[in-house]
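# Structural overview for review
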Amino acid sequence: MYTVLAGGVGAARFLRGLTAAVPADEVVAIVNVGDDLTRLGLRICPDLDSITYWLGGVVHPAQQWGRADERFTVAEELARFGHEPWFTLGDRDLAVHLHRTMRLREGAPLSVVSGEVARAFGVDVRLLPATDDEVATRITTADGRDLHFQEYWVRERAAPEVAHVRLAGAEDARPAPGVVEALVDADAILIAPSNPVVSIDTILAVPGIAEAVRTSPAPVVGVSPIIGGEVVRGMAHRLLPVVGAEVSAAGVAHHYGALLDGWVIDQQDAELRDVVAAAGPRCVATDTMMDDPAVAAALARTCLRLAEEVRR
Ligand code: FO1
């Protein structure tokens, strides 16, 4: 079993590559739920949905979130009542939120509903929310505002200076059923090239998960989300300094620290290999730009080979 700590888009591309290297039913993704929010009374899970849509072959190709062939008839009608459209929900996307919200109201845990939704889109990878409890990534801006992550990222386009990032509700949250087992029993634990601060740290912030990664006998291999000092997408470059991490492939490895046994960086950053290795993890440089599915598959195989090397 290969267990992947996963955020949104970068994780979806990586998972697509991994399922070209090993059978999909041997892959478990532990997915960040800090992005989740309730809008219009509906529970929305952006990272679970991005991965589901991506692996299900129905993601909006340019946006990498939301659905292809989407329409916004409901959103247009809702504007009539003054609902702010800063977080747009398409008609097809709404069907997932309606189903999920109905099932949650019936008392089904998010982990059960996520499995139903994944199967409905033909996704064989097991998608597990990090927790079934309600948590939220919240951003404290330098000027003292307390924003939900989606307000910061979507409404304010990550413009405000950030003073602090936290996973609200973490102290009362528990790993979802199957999460600890997926980590302890894994043949390898892989950290996808997701946002270290608001995707990976927010998984590790659920009490019991970081502990399970540390005590698991499985080698832990991660992929740098920073290439040539730049983010591939998103706003990690705005948030890494907030947690004292340098915006580089070496800086992120240092941020994950002792969790890592292996670290895969892009060939552009090959000169950082010794810097990374000096801090502990075995380091490999390869092509990590996963625009091409063949690159994603090769990257996954590189991670699995590195996991075998560090296991010995
Ligand atoms: N991102 C945007 O930039 N604008 C949006 O209006 C927006 C709506 C949206 C609705 C559902 C959903 O699952 C994701 C949505 N996203 C939107 C993307 C979302 O902010 C990201 O997928 C993650 O939360 C960050 O990676």
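A brief structural summary.

What counts, and where the lines are drawn
Residues numbered from 1 in each chain as written. Predicted model: local features only at pLDDT ≥ 70, side-chain atom pairs only at ≥ 80, totals over all residues. Heavy atoms only, no water. Pairing = 2+ DSSP bridges. Helix = DSSP H or I, 4+ residues; strand = E, 2+ residues; numbered from the N terminus. Axes fitted to C-alpha atoms, helices over the stretch in contact; angles between N-to-C directions. Contact = heavy atoms within 4.5 Å. Salt bridge = Lys/Arg side-chain N within 4 Å of Asp/Glu carboxyl O. Buried < 20%, exposed > 50% of the residue type's maximum accessible area, 1.4 Å probe, protein only. Near = heavy atom within 4 Å. Polar contact = N/O pair within 3.5 Å; in protein donor to acceptor, adjacent residues only side chain to side chain. Areas by Shrake-Rupley, 256 points an atom, 1.4 Å probe, with all protein chains shown as cover. 1 Å grid on protein atoms, 1.4 Å probe; cavity = no way out; pocket = protein on both sides within 12 Å on 5 of 7 lines; lining within 4 Å. Sits in = over half its atoms within 2 Å of the grid points. Nonpolar A, V, L, I, M, F, W, Y, C, P; charged D, E, K, R; others polar.

### Quick look at the sheet that holds strand β13 (residues 262-266)
Reading across from one edge, β5-β2-β1-β9-β10-β13-β14 is the order of the 7 strands in this open sheet, with parallel pairing throughout. Whereas interior strands pair on both sides, the edge strands pair on one side only; in this sheet they are β5 (126-129) and β14 (282-286). Pairwise comparison of adjacent strand axes, ignoring direction, gives a mean angle of 20° for this sheet. Pairing geometry for strand β1 (residues 2-6) and strand β9 (residues 188-191), over 4 bridges, is parallel. Each bridged residue has a counterpart across the sheet, and for T3 the counterpart in β9 is I189. Across the face of the sheet, helix α8 (residues 196-204) comes into contact with β1, β2 (27-31) and β9 while running at roughly 125° to β1. In the packing of helix α13 (residues 293-311) onto the sheet, contacts are made with β1, β9, β10 (220-223), β13 and β14, and the angle to β14 comes to roughly 160°.

### Section: the pattern of salt bridges
Enumeration according to the criterion identifies 17 salt bridges in this entry. Linking R103 and E116 is a salt bridge whose minimum nitrogen-to-oxygen distance equals 2.6 Å. Of the two residues, R103 sits in helix α4 (residues 91-105) while E116 sits in helix α5 (residues 110-120), which places them 13 residues apart along the sequence. By relative accessible area, E116 is classed as partly exposed at 23%. Bridged by salt links that share partners, the residues D143, R145, E151, R155 and E156 form one connected network.

### A few points about the environment of G56
Looking at the element boundaries, G56 is found in the loop between α2 (46-55) and α3 (73-79). Residues G56 and A118, 62 residues apart in the sequence, show an inter-C-alpha distance of 7.8 Å. Once residues lying within four places of it in the same chain are set aside, the contact partners of G56 are I51, F121 and V123.

### Considerations on the site of the ligand
Close contacts around the ligand come from 14 residues, with D35, P46, F87, T88 and Q150 the closest. Between an oxygen atom of the ligand and a main-chain N or O atom of W86, the distance comes to 3.5 Å. A distance of 2.6 Å separates an oxygen atom of the ligand from a polar atom in the side chain of Q150. Compared with its free state, where it exposes 530 Å², the ligand has 88% of that area covered by protein. Put simply, the ligand lies in the largest pocket. Of all elements in the fold, only α2 and α6 (149-155) reach the threshold of two or more residues within the shell around the ligand. Its residues placed into classes, the shell around the ligand shows 8 nonpolar, 3 polar and 3 charged.

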